[in-house]
Amino acid sequence: METFTHSGAASRLLRAVACTSLLVAGCVGDIGGNSSSSGSSGAGANPTGGGTSSSGGGDAVCNPRLERRIVLLADLQFINAIRGLLGDEAIEAEQAPDARTKPFAKKGLVVGTSLVHTRLARAAYAAESISGRFEQVTGCAADGDDACAKTFLTKFAQRAFRRPVDQAELDNLWSVYALGKETSYERGVSLALEALIASPSFSYRTELGGDADGDVVKLAAHEVASELSFFLTDGLPDEELAAAADSGALNDPEELARQAERLLEKPETRSSLNTTLIAAWGLSNLFGTVKDPGLFPEYTPALQASMFHETELLVDDLLWNRGADVSELLTTRETFVNGVLAKVYGVEHTGSSPEEFTKVELPADERAGILTQPGLLAALARTDNTSVVARGLFVRGALLCLGKIPSPPESLSDAIKELLEADMTERERADARAANSTCAACHAQFDAFGLLLENYDPVGRYRDTLDGEPIDARVNVGNIAEVAGSYASAVEFAEAVAQNDAFAACITRHLLTYGTDDETLGTSDCQVERVIEALPEGQRTLTNVVKAIVTSPALTERAKEE
């Protein structure tokens, strides 16, 4: 059980906490995710060596993929947890991550000196933020007594750690409080808060469970509450969810489903899930893209922000306001535009001001859902041209969750550069790759997807011609998974994908991955297949998908270590 190391100086106390953080990270292996991309099929990557005893439904056993472990909170979750405890005043405005651009995977989050120092600094800032609002935060007078401080700190510790706190932990916390109180009563409480937020039990959530039932371990109620809350809201369990964990009621699948349904009614939950999907599609990369100003002078930060917000509005309208099947994200002809976006689409803007977003109907032969939205298309293009490779990999990975494609060998770097600089169309480049035996095997698995999107220029405008020549976007994608066949356009392709479970399975895979930090999960794994099977016939809504995930063993069971 965790303890707070203390000495005669607060600085040494916090250094000890930092060392404890590093030791916890070092003893549990690859905490915080692995390096697989969101398009990984998961084949051969199951850390338990199990995951599925057989594929699909029936009575087949679906073993846990993940072993018992300790999971590092992402930066956004860490900040939101502080905010949930101490309010916006506890966060330095310039340090707060932008929720709109949260990363989907944690593969870049490494527990090292930089991360520990950053979190220690944020803990110190948060604790110091109670100055000037001490009574408001603690309920204790500035010169209050020990009983009041201990009552506040006990409740704070339980909320911060998302679990009961044992007596040994409290005894050590009182030692920290006493150390700070040598300076002042307020300093004693502040130093104790700092130690709690700097603690590994704040930065990590556990998935250790209790005694194993065979090879399967059920997560404890408080672990499930924490996992569920960070999955759905990127923040702490609220009061009702925490109470359900305290009472043990959350161990009942019906209560777990009820809590999920309750959380799904909250606007902040809906917003968080929207952002998770947008993160899975990589739309936040839009903000880092640059276009040649001589070719695309309209591509400004304002247009980028408008493109991003368009997707936010569409996802929210379809999946929440209308409760549509997730497949409508691929088929809808409706979207939201302001003045600058209307020009990109070539439609009339009817808003009362250029900034106002209004719903419009798009040409049925040109546009179909998120696949043809300018934001994604612009993010997946070069500064002066489109990119069949980037767009094709997006369709294969983020849209369909097919297997990851290995990077090209270093020996081809010069040839790739030469091909990109050649005066050729994107189809001619794709043909050149298809004619090269070294390149063909990999590019055959995604180039066709990118060619389907050649009717959209580097900022996402629809076009029929390129340099005066008609654009031919027809492709045959061969026998790739559930999308095999020939397609004349991206619109036709999107409509075909929406007819089967491929896209719904990919949405499910993304949400399961975010909720469990299992970045090697594939759509063919039983964890995903059983969620799809659990959906009501013809009702693949986001609400139903999330409820099926929450009540599935993928969230609540782990494998006993071998």
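Quick note: structure is the one above.
The notes below deal with the structure included here. Predicted model only: the values in this text are computed from it and were never measured.

In this section: the overall build of the chain. Looking only at helices and strands, one finds 26 helices and 10 strands in the chain. Considering the chain as a whole, with its 562 residues, one finds that 53% of them fall into the buried category. Of all intrachain contacts in the chain linking residues separated by at least 6 positions in sequence, the fraction that spans at least 24 positions is 71%. Of the roughly 23800 Å² that the chain leaves accessible, carbon and sulfur atoms contribute 50%.

Here we take up the pattern of salt bridges. Considering all chains together, one arrives at 39 salt bridges under this definition. The partner of Arg558 in a salt bridge is Glu207, with the nearest N and O atoms 2.7 Å apart. Residue Arg558 is located in strand E10 (residues 557-559), and its partner Glu207 is located in strand E2 (residues 204-207); the two are separated by 351 residues in the primary sequence. By relative accessible area, Arg558 is classed as buried at 1%. Looking at Glu207, the relative accessible area reads 0%, which means it is buried. Among the salt bridges present, the one from Glu261 reaches Lys547, with a minimum N-O distance of 3.5 Å. Of this pair, Glu261 sits in helix H11 (residues 253-264) while Lys547 sits in helix H25 (residues 542-550), placing them 286 residues apart in sequence. Overall, the relative accessible area of 38% leaves Glu261 in the partly exposed class. A network of salt bridges, in which partner residues are shared, links Arg69, Lys106, Arg205, Glu207, Glu227, Asp517 and Arg558.

It is worth spelling out unusual backbone geometry at this point. Peptide bonds are, in most cases, trans, and in most cases residues other than glycine have a negative phi. Notably, Arg162 is not glycine yet its phi reads approximately 60°, a positive angle. On the accessibility criterion, Arg162 (7% relative accessible area) is buried. In this structure, Asp467 takes a positive phi of about 55° despite not being glycine. Overall, the relative accessible area of 75% leaves Asp467 in the exposed class.

Here we come to the nonpolar core. With 102 residues, the main nonpolar core has Trp281, Phe493 and Leu511 as its most contacted residues. Excluding residues within four positions of it along the chain, Trp281 makes contact with Thr311, Val315, Leu329, Ile370, Leu376, Phe394, Ala398, Phe503, Ile507 and His510.

In this section: the environment of Gly538. You can see Gly538 is positioned in the loop between helix H24 (526-534) and H25. A relative accessible area of 65% means that Gly538 is categorised as exposed. Considered as a pair, Gly538 and Asp325 are 213 residues apart in the sequence and their alpha carbons are 7.9 Å apart.

By the definition in use, this model includes nine aromatic pairs. Ring geometry for Phe104 versus Tyr514: centroids 6.1 Å apart, planes at 25°, classification stacked. One end of the pair, Phe104, is in the loop between helix H2 (75-86) and helix H3 (113-128); the other, Tyr514, is in helix H23 (residues 502-516), with 410 residues separating them in the sequence. On the basis of relative accessible area, Phe104 is assigned to the buried category, the value being 12%. Between the aromatic rings of Tyr177 and Tyr185, the centroid separation amounts to 6.4 Å while the plane-to-plane angle is 85°, which identifies the pairing as edge-to-face. We classify Tyr185 as buried; its relative accessible area is 8%. Among the aromatic residues, those joined into a cluster by ring pairs are Phe134, Tyr177 and Tyr185. The ring of Phe308 has Arg100 lying over it, and the distance from NZ or CZ to the ring centre is 5.5 Å. A cation sits over an aromatic face here: Arg119 above Phe78, 4.4 Å from the ring centre.

Taken as a whole and assessed by the stated rule, the structure comprises three disulfides. Each disulfide pairs two cysteine sulfurs, and for Cys62 the partner residue is Cys526, the sulfurs being separated by 1.9 Å. Judged by the sign of its S-S torsion, about 85°, the cystine formed by Cys62 and Cys526 is right-handed. Of this pair, Cys62 sits in the loop between helix H1 (10-27) and strand E1 (69-72) while Cys526 sits in helix H24, placing them 464 residues apart in sequence. Take Cys526: its relative accessible area is 0%, and that puts it in the buried class. Disulfide pairing is shown between Cys140 and Cys148; the S-S distance is 2.0 Å. In this structure, the disulfide formed by Cys140 and Cys148 twists by about -100° around the S-S bond and is classed as left-handed. On the basis of relative accessible area, Cys140 is assigned to the buried category, the value being 1%. Taking the relative accessible area as the measure of exposure, Cys148 reaches 24% and is therefore partly exposed.

Reading the values: rules and limits
Residues numbered from 1 in each chain as written. Predicted model: local features only at pLDDT ≥ 70, side-chain atom pairs only at ≥ 80, totals over all residues. Heavy atoms only, no water. Helix = DSSP H or I, 4+ residues; strand = E, 2+ residues; numbered from the N terminus. Buried < 20%, exposed > 50% of the residue type's maximum accessible area, 1.4 Å probe, protein only. Contact = heavy atoms within 4.5 Å. Areas by Shrake-Rupley, 256 points an atom, 1.4 Å probe, with all protein chains shown as cover. Salt bridge = Lys/Arg side-chain N within 4 Å of Asp/Glu carboxyl O. Core = buried A, V, L, I, M, F, W, Y, C linked by side-chain atoms within 4.5 Å. Phe/Tyr/Trp six-rings, centres within 6.5 Å; stacked < 30°, edge-to-face > 60°. Lys NZ or Arg CZ within 6 Å of the ring centre and 35° of its normal. Disulfide = S-S within 2.5 Å.

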